[in-house]
Amino acid sequence: MLHVRRAVVALALAGTGCAAPLLTRDGQVVFSEGGARGASMLTANGVELLDRNDVPTPVLRRSVNEPWRPATGFLLPADGVWRETSTPSAAEGQGLLLVLRTSDVLVPTWGGEVLVRIDAIVPSSAFPAVAGSVRAPLRLAVIIDGDSSALSELADAALDNLGERDRVTLIDADRGRTVVPMLPGTHRTLLRGAVERLAQPRRPAPRRLAESLELARRWVTAPAADASAPHSAAVAPQEPERQVLVISDGAGVAQAGPRLGAALGALRAAGVAVTAAAPPPVDAEALAPFGGAPIAAGSPGDRADAVAELVPPPGDVALRDVAISISSVPAPARVLEISGGSPSLSLDADHLWLGDLYAGEARTEVARVALPVWVAGEPLELTITAHYRDAQSGAPLTASTTLRGLYSADVADIASARHGDVIAYASALAMVRRLDRAFAGSAVDRLGGLRPVVARQARSLGAMAKLHHDAALGTQAEVLGTLLGAIEE
């Protein structure tokens, strides 16, 4: 009888020209007229509808102490699939290149927000005086065998000095699976966030250290594919060093048995250096099957320092006191959240502090920026400026560019024009809790409503990459898909 009633309701709706109703997570039934549906919206209750004829009411703040609240949830195209990608804008200064991408070119008149991806690159070739300090690139696999915060501290020490030409993958020995595929060292914040997620207590499972070592061997010995990296003027080509770092609490080593020796033999036969490290109270005896000199002595700080020596900085310090400011016309633009670094606020602009950068270093971060209420059809100018000093001379330097957009009151146009590549990277950071509040439906402690959206996004990016022969989009799709399969809620 229930099926008959549903059929009658569906026929009645079809006769009136209405689209099929949707049931939201808070129990509301939402109807929209056929063809009038404008955009989807990710809210705390899941994905809901926003008609293109409805203009959201701005949320007025009466005090600077009030938290900023968006007028809507996170906007998606009506079918939840992004089809547009960003056009990078470059700001070149002496010894520094900023590559900037935004999630939006159409800005809501009711006061919305935009995600800004910032790639800060310090080309080695711009510093002849320190050219001799630039080390060879690294292909590194980090295997996490355990789930304690002490393990993540050791992994962070290995990731802290990555350069633009380095490539790193992260493997979970608890499940014998890749968590993050081979990525440029620019994505340090994403890699560290994934390590932190792995370090959280999880359901017990048999360790698969031997399988993880075999997986690491395939990653570090595979031919390099660097199309996804932001390119600077390259130094002379160098053969990369290949390393595997196993950070273990000892349990996976004990469970691996004779298969461990075979996996280690295959790595060494391929010319891959293997190092094992463990936090206290694990000692060298627990890591004896690795041979050599495992990092398993001294205080936690001593062990972290020893791990850091495996991945020295890419070169000498080239730039000091690097800070990036974000301002806008109309004003003010406010940085609500940043994936890495330290943000600070001032009257005319907000700032992201990156500190000292080495020759050959690069950083990729995402800023979540709130924009003011303004008038449809009027332009937006978002100015990104880097202030820094040359490490040799101490001279103050700047690099700046302006990103342009347009205010709009049409939610359908705004949603369909959003850039899937920038949102994809923000999605990856949200999954590893580096952008906790960028997506209203993520609920911070779990993926929640974000997971199905990210899964669809990964599929659409993969299709776009094949259509446009874009290796960078393909890499982002792979990152999203791999994280979805490896990060547990």
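**Thoughts on the packing of helix α2 (residues 149-159) against helix α3 (residues 188-198)**
Relative orientation of the contacting elements α2 and α3 amounts to 165°, with a least axis distance of 10 Å. Comparing the axis directions of α2 and α3 gives the class roughly antiparallel. As α2 runs across α3, the sense of the crossing is right-handed. Residue-level contacts link Ser152, Ala155, Asp156 and Leu159 of α2 to Arg188, Leu191, Arg192 and Val195 of α3.

**Thoughts on the side chain of aspartate 410**
If you trace the backbone, aspartate 410 turns up in the loop between β21 (396-408) and α8 (411-416). Only 2.8 Å separates the side chain of aspartate 410 from the side chain of arginine 52, close enough to count as a polar contact. Engagement of the side chain of aspartate 410 in a polar contact is seen with the backbone nitrogen of aspartate 413, the distance being 3.1 Å.

**Section: the sheet that holds strand β10 (residues 138-145)**
Taken in spatial order, the five strands of this open sheet run β12-β11-β10-β13-β14, and their pairing is mixed. At either end of the open sheet lies a strand with only one pairing partner, and these are β12 (177-184) and β14 (273-277). Put simply, the sheet's adjacent strands are angled 15° from each other on average, direction ignored. Judged from the five bridges that link them, strand β13 (residues 241-248) and β14 form a sheet pairing that is parallel.

**Things to note about the pairing of strand β6 (residues 89-93)**
By the bridge criterion, five bridges tie β6 to strand β7 (residues 96-102) in an arrangement that is antiparallel. Within β7, the position partnered with alanine 90 by the bridge is valine 99. The turn linking β6 back onto β7 is made up of two residues, and glycine 95 within it adopts a positive phi angle of 80°.

**Focus on the sheet that holds strand β16 (residues 334-338)**
One open sheet holds the five strands; their spatial order is β6-β7-β9-β19-β16, and the pairing between them is antiparallel. If you trace the sheet from one side to the other, it starts and ends with β6 and β16, each paired once. Recorded for the sheet is a direction-independent mean angle of 30° between the axes of neighbouring strands. Pairing analysis gives six bridges linking β7 to strand β9 (residues 113-121), with the strands arranged antiparallel. Paired with valine 99 across the strands is aspartate 119, a residue of β9.

**Considerations on unusual backbone geometry**
The residue after proline 280, namely proline 281, is reached through a cis peptide bond having omega 5°. Phi at aspartate 321 is positive, roughly 55°, even though this residue is not glycine. The phi dihedral of histidine 469 is positive, around 55°, even though this residue is not glycine. Residue classification places histidine 469 among the exposed residues on the basis of a relative accessible area of 73%.

**A word on the pattern of salt bridges**
Under the counting rule described, the total for this entry stands at 26 salt bridges. In this structure, the salt-bridge partner of arginine 418 is aspartate 104, at a minimum N-O distance of 2.8 Å. Of this pair, arginine 418 sits in the loop between α8 and α9 (420-431) while aspartate 104 sits in the loop between β7 and β8 (106-108); the two residues are 314 residues apart in sequence, bridging distant segments of the chain. The burial state of arginine 418 is the same as that of aspartate 104; both residues are buried. A salt bridge links arginine 117 to aspartate 119, with the nearest nitrogen and oxygen atoms 3.0 Å apart. Exposure remark for arginine 117: the relative accessible area of 8% places this residue in the buried category. Since its relative accessible area comes to 1%, aspartate 119 is described here as buried.

**Some thoughts on the environment of glycine 298**
Here glycine 298 shows up in the loop between β14 and α7 (300-310). Its relative accessible area of 45% is what places glycine 298 among the partly exposed residues. The sequence separation of glycine 298 and proline 279 amounts to 19 residues, and the corresponding C-alpha distance is 9.2 Å. Dropping the residues within four chain positions of it, glycine 298 is found in contact with Pro280 and Arg303.

**Re the packing of helix α4 (residues 209-221) against helix α6 (residues 258-269)**
Packed helix pairs are specified by the crossing angle of their axes together with the interaxial distance, meaning the distance between the axes. Two elements in contact, α4 and α6, have axes whose closest approach is 8 Å; the angle formed by their N-to-C orientations is 10°. The orientation of α4 relative to α6 falls into the category roughly parallel. Contacts between α4 and α6 involve Leu209, Ala210, Glu211, Leu213 and Arg217 on the former and, on the latter, Arg259, Leu260, Ala263, Leu264, Ala266 and Leu267. A per-class count over the contact of α4 with α6 returns eight nonpolar, no polar and three charged.

Thresholds, definitions, all that
Residues numbered from 1 in each chain as written. Predicted model: local features only at pLDDT ≥ 70, side-chain atom pairs only at ≥ 80, totals over all residues. Heavy atoms only, no water. Axes fitted to C-alpha atoms, helices over the stretch in contact; angles between N-to-C directions. Helix = DSSP H or I, 4+ residues; strand = E, 2+ residues; numbered from the N terminus. Parallel < 35°, antiparallel > 145°, perpendicular 65-115°, else oblique. Left-handed = near helix turned anticlockwise from the far one by under 90°. Contact = heavy atoms within 4.5 Å. Polar contact = N/O pair within 3.5 Å; in protein donor to acceptor, adjacent residues only side chain to side chain. Pairing = 2+ DSSP bridges. Buried < 20%, exposed > 50% of the residue type's maximum accessible area, 1.4 Å probe, protein only. Salt bridge = Lys/Arg side-chain N within 4 Å of Asp/Glu carboxyl O. Nonpolar A, V, L, I, M, F, W, Y, C, P; charged D, E, K, R; others polar.

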